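Fold and geometry: a report
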Amino acid sequence: QVQLQASGGGLVQPGGSLNLSCKASGSLYSISGMGWYRQAPGKQRELVARITSDGSTNYADSVKGRFTISRDNAKNSVSLQMNSLKPEDTAIYYCTVTARRKSWDTRVYDYWGQGTLVTVSS
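Residues numbered from 1 in each chain as written. Predicted model: local features only at pLDDT ≥ 70, side-chain atom pairs only at ≥ 80, totals over all residues. Heavy atoms only, no water.

A few points about the overall build of the protein
Within the protein, the regular secondary structure consists of zero helices and 11 strands. For the protein, the N- to C-terminal ordering of α and β elements is β-β-β-β-β-β-β-β-β-β-β. Here the protein has a C-alpha radius of gyration of 14 Å; the compact-globule value for 122 residues is 14 Å, and the two agree. In the protein, which comprises 122 residues, the share counted as buried stands at 38%. The long-range fraction of contacts in the protein, counting pairs at least 24 apart against all pairs at least 6 apart in sequence, stands at 56%. When the accessible surface of the protein is totalled, it reaches about 6800 Å², and 44% of it is carbon and sulfur. Here the protein contributes 14 positively and 8 negatively charged side chains, and the mean placements of these two sets differ by 5 Å. (Helix = DSSP H or I, 4+ residues; strand = E, 2+ residues; numbered from the N terminus. Rg over C-alpha atoms; globule rule 2.2 N^0.38 Å. Buried < 20%, exposed > 50% of the residue type's maximum accessible area, 1.4 Å probe, protein only. Contact = heavy atoms within 4.5 Å. Areas by Shrake-Rupley, 256 points an atom, 1.4 Å probe, with all protein chains shown as cover. Lys, Arg positive; Asp, Glu negative; His and termini not counted. Charge placed at Lys NZ, Arg CZ, Asp CG, Glu CD.)

This is how it looks when you write it as structure tokens:
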């Protein structure tokens, strides 16, 4: 059973910062990418940031320059440093992992965490 434990969400004032962390555990082999998605009430889920096995990163235009994604391969974890937070950043943030399950199975799977709530409000 694969589990993704996310933490770090909470209530913060506009302009403040939060750091989200996610650790993957279970039967995983060769993680190719880790990232964060978010979904606000009444809106579609969107990619916030993603980091691949070679260290390349992608960010949503709305968070470029404010958020930084990083990973610790040895710990199978990914973090999202969120600075200069805005009310429009309020959403449930979901950690995601893309990985193979077995060394002999070439298929890749996407795994999702339960999500952590980020609320930006004065």
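A short note on the sheet that holds strand β8 (residues 77–82)
Spatial strand order, β1-β3-β8-β7: four strands in an open sheet with antiparallel pairing. The open sheet is flanked by β1 (3–7) and β7 (67–72), the only strands paired with a single partner. The mean inter-strand angle of the sheet, taken between neighbouring strand axes irrespective of direction, is 15°. Looking at chain direction, strand β3 (residues 18–25) and β8 are connected through six bridges and run antiparallel. Residue asparagine 19 lies in a different strand from β8, and its bridge partner there is glutamine 81. (Pairing = 2+ DSSP bridges. Axes fitted to C-alpha atoms, helices over the stretch in contact; angles between N-to-C directions.)

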